[in-house]
Amino acid sequence: MTHTARRIGRTLAFVLPVVMVLSGTLAVTAVPWAAHNSDSTMLTASAQSVSKRAKARTPQDILRDKLLLELQEKDPGAALTDLQRAVEGRPSLARHCMSIAKALGKAAVEQYGPTRAHRFSRPVCDTSFASGVAQFS
């Protein structure tokens, strides 16, 4: 009898903490904390929203934003020259060159109008700047 009681005690001593940890983890994951909206319903949902905000910007996005700012401050010619230099310096940006040049063309049309924007066209990235100007004229 003592042997059986000791065996049950050892089993409970091992199984009970594992069950308590697992049930506590599952309870914390599914408890509505404050309101019934999707942002604060579950702990895992709040962790996912943090990861979306912390997403890093890509090099081509940073370059495009820098060149669009330069286009507004100076002119499209300077931005196109810097785009060409950036692609020559970092060949990995070459596959994004056309989309960046089109974005510059669109911004040039918005700032200078279609006729004046065409004057800045250069053969950068397969004349994508001119294509962007024509597309958004």
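This one's a predicted model, so the numbers in the text were calculated from it and none came from an experiment.

1. Comments concerning helix α3 (residues 59-73)
Here is step 1: Taking 1.5 Å per residue as the helical rise, α3 with its 15 residues ought to reach 21 Å, and the 21 Å between its terminal C-alpha atoms agrees with that figure.
Here is step 2: Residues Gln-60, Leu-63, Leu-67, Glu-70 and Leu-71 constitute the buried set of α3. Looking straight down α3, one finds its buried side chains confined to an arc of 100°; they lie on one side. Exposed residues on α3 whose side chains face more than 90 degrees from its buried face are Lys-66, Gln-72 and Glu-73.
Here is step 3: Looking at the buried positions of α3, the neighbouring elements they touch are α4 (76-89) and α5 (97-112).

2. Quick look at the packing of aromatic side chains
Two measures describe an aromatic ring pair: the distance that separates the ring centres and the angle between the ring planes.
Here is step 1: Inspection of every chain in the model, using the stated rule, returns 1 aromatic pair.
Here is step 2: Centroid distance Tyr-112 to Phe-120: 5.5 Å. Interplanar angle 45°. Geometry classified as tilted.
Here is step 3: Note on Tyr-112: relative accessible area 16%, which makes it buried.
Here is step 4: Sitting above the plane of the Phe-136 ring, Lys-106 keeps its charged end 5.3 Å from the centroid.

3. Looking at the nonpolar core
Here is step 1: Counting 23 residues, the largest nonpolar core has Leu-63, Leu-67, Leu-83, Leu-104 and Phe-129 as its most contacted members.
Here is step 2: Within the residue set of this core, elements represented by two or more residues are α3, α4, α5 and α7 (128-135).
Here is step 3: Here the element with the most residues in this core is α5; it accounts for 8 residues.
Here is step 4: Discounting residues that sit within four places of it in the chain, Leu-63 has contacts with Leu-83, Ala-86, Leu-93 and Ile-100.

Procedures and definitions
- Residue positions within a chain follow its written sequence, with the count starting from 1.
- In keeping with the predicted nature of the model, local features appear solely for residues at pLDDT of at least 70, side-chain atom pairs appear and are counted solely at 80 or more, and the whole-chain, interface and lining totals rest on all residues.
- The side-chain figures draw on all heavy atoms in the structure; neither hydrogens nor water molecules are used.
- By definition, any uninterrupted DSSP run of H or I lasting at least four residues is a helix, any uninterrupted run of E lasting at least two residues is a strand, and each is numbered from the N terminus.
- Residue count minus one, scaled by 1.5 Å, sets the expected span of a helix.
- Buried residues are those whose accessible area, probed at 1.4 Å on protein chains only, stays under 20% of the maximum for their type, while exposed residues exceed 50% and partly exposed ones sit between those limits.
- This arc corresponds to the set of directions leading from the helix axis out to the C-beta atoms.
- Any two residues whose heavy atoms approach within 4.5 Å are treated as being in contact.
- Whether two aromatic rings pair depends on their centres lying within 6.5 Å, for rings of Phe, Tyr and Trp, where Trp uses its six-membered ring; planes under 30 degrees apart make the pair stacked, over 60 edge-to-face, and the rest tilted.
- Put simply, a charge is over a ring when the Lys NZ or the Arg CZ is close to the ring centre, within 6 Å, and near the line of the ring normal, within 35 degrees.
- In this text, buried Ala, Val, Leu, Ile, Met, Phe, Trp, Tyr and Cys residues form a nonpolar core when linked through side-chain atoms within 4.5 Å.

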